Amino acid sequence: MTDGSSLPPLRDVINTYGLRAEKSLGQNFLLDLNLTGRIARCAGSLEGETVLEIGPGPGGLTRAILAAGAKQLIAIEKDTRCLPALQDVSDAFDGRLTVINGDALELDEAELLGGQPAHIIANLPYNVATPLLIKWLNKRHLFKSMTLMFQKEVGDRITAAPRTKAYGRLSILSQWLCHTSRQFDISPKAFTPPPKVVSTVVTLVPRTEPAFPADQAILEKVVATAFGQRRKMLRASLKSLGGPTEDLLVEAGIKPTSRAEELSIEDFCTLARVYAKAQ
Ligand code: SAM
């Protein structure tokens with residue numbers, strides 16, 4: 001058998017290899033193969049594709065990605081206890097799975113993929129999910145898509161529209177660089193052990209070019225300054241950028257009395273360009 005159907009149920013795998021969930025590693029395992037299949041399908045057809053999975057754990061989502069036809073799956077797992085279970089998955093799927101024992105935060109994805117564009121699919125450890133996303137946004141040319149599970153509050157921030165509470169730095173950076181879509185929520189009950197919060201699956205497809213022209217470092221600086229005091233009017237919150245703040249805003253076509261969350265991504269990009277010119 002090479003389609004994974006010979007593998008034991010995930011609960012048995014956890015018992016056989018003594019994979020007691022470690023909180024420090026953000027371990028909340030998904031054992032429902034319908035759900036893992038649904039997550040894998042968010043990336044579109046995986047037939048013949050290369051996939052990078054972060055934190056395969058006992059291998060539930062890993063099985064779903066392989067069953068969906070991925071040509072090659074490279075999985076990065078920090079916890080050495082999971083490696084024998086993942087070796088069983090590799091054997092059951094004709095060696096299409098390669099497991100690397102390491103820390104995803106330190107991973108050099110470009111070197112690992114060697115020019116092969118890949119999809120990232122992961123049920124991320126929540127304690128490192130946002131730093132990992134920011135790292136991948138900055139390497140987005142390596143990836144065809146990213147289908148990632150976050151705690152709902154982070155998923156909301158990634159996909160938020162202006163004039164909402166969740167709209168902020170992460171929304172702007174993510175949506176400026178990628179097309180983002182919220183897929184579905186997953187109840188804590190679906191995990192072993194259940195986390196405290198609801199989870200959300202988000203798909204990000206990198207744009208060929210950012211949505212609007214702007215220098216990334218300057219855009220990030222303007223956005224961080226504006227949202228640093230999100231309740232204040234921009235004429236006050238942007239003071240620390242230096243120079244004539246009101247003139248800058250007027251030139252960008254933005255009312256100086258508006259607040260950060262009222263600005264679209266296009267507005268922020270215009271502001272970043274006007275600010276760059278004034279430097
Ligand atoms: N994919 C499995 C599933 O859906 O059941 C496990 C998901 S669990 C939320 C997160 C996984 O990431 C765990 O297996 C954990 O050991 C692993 N992990 C935690 N920190 C990591 C890191 N920095 N690099 C790689 N893997 C990590």
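Computed from a prediction, not measured in an experiment: that's the story for all the values here.

Caption draft 1: A look at the site of the ligand. Residues in close proximity to the ligand total 23 residues, the closest being Gly55, Gly57, Ala104, Asn123 and Pro125. Those elements giving two or more residues to the shell around the ligand turn out to be strand 1 (29-30), helix 3 (60-67) and strand 3 (72-77). Of the residues contributing to the shell around the ligand, the split by class is 12 nonpolar, 7 polar and 4 charged.

Caption draft 2: Representation of the nonpolar core within the structure. In this structure, Ala40, Ile65, Ile120, Ile121, Leu148 and Phe268 are the most contacted members of the largest nonpolar core, which totals 77 residues. Counting residues per element, this core draws most heavily on helix 12 (residues 265-278), which supplies 6 residues. Residue contacts for Ala40: discarding those within four places in its chain leaves Leu46, Leu61, Ala64, Ile65, Ala68 and Ile121.

Caption draft 3: Structural detail: helix 8 (residues 169-177). Burial of helix 8 is extensive: 7 of the 9 residues sit out of reach of the surface. Restricting attention to buried positions, one finds in helix 8 the residues Leu170, Ser171, Ile172, Leu173, Ser174, Gln175 and Trp176. Turning to helix 8, the residues buried within the fold contact helix 6 (129-137), helix 7 (152-159), strand 7 (178-186), strand 9 (199-206), helix 9 (216-228) and helix 12.

Caption draft 4: Quick peek at helix 4 (residues 83-92). Within helix 4, burial applies to Ala85, Leu86, Val89 and Ala92. The arc that holds every buried residue of helix 4, seen down its axis, measures 115°, which confines them to one face. Looking at the packing, one finds that the buried side of helix 4 touches helix 1 (10-16), helix 3, strand 3 and strand 4 (97-101). Positive phi shows up at Asp94, right after helix 4, with a value of about 60°.

Caption draft 5: Inspection of the UniProt feature "binding site: S-adenosyl-L-methionine" (unreviewed entry) in the protein at higher detail. Per the UniProt record, "binding site: S-adenosyl-L-methionine" (unreviewed entry) is found at Asn28, Leu30, Gly55, Glu77, Asp103 and Asn123. Locating Leu30 in the fold gives a position in strand 1. Residue Leu30 is classed as buried on the basis of its 21 C-beta neighbours within 10 Å. Each residue touching Leu30, except ones within four places of it in the same chain, is listed here: Leu35, Thr36, Gly60, Leu61, Asn123, Ala190 and Phe191. Checked against the element boundaries, Gly55 lands in the loop between strand 2 (50-54) and helix 3. What makes Gly55 buried here is the crowd of 23 C-beta atoms within 10 Å. The contacts of Gly55, once residues within four sequence positions are left out, are Glu77, Ala122, Asn123, Leu124 and Pro125.

Rules and cut-offs
- Residues numbered from 1 in each chain as written.
- Predicted model: local features only at pLDDT ≥ 70, side-chain atom pairs only at ≥ 80, totals over all residues.
- Near = placed C-beta within 6 Å.
- Helix = DSSP H or I, 4+ residues; strand = E, 2+ residues; numbered from the N terminus.
- Nonpolar A, V, L, I, M, F, W, Y, C, P; charged D, E, K, R; others polar.
- Core = buried A, V, L, I, M, F, W, Y, C linked by C-beta atoms within 7 Å.
- Buried ≥ 20, exposed ≤ 12 C-beta atoms within 10 Å, placed from the backbone.
- Contact = placed C-beta atoms within 7 Å.
- Arc of directions from axis to C-beta.
- UniProt positions renumbered as here; feature names shortened; annotations may be inferred.

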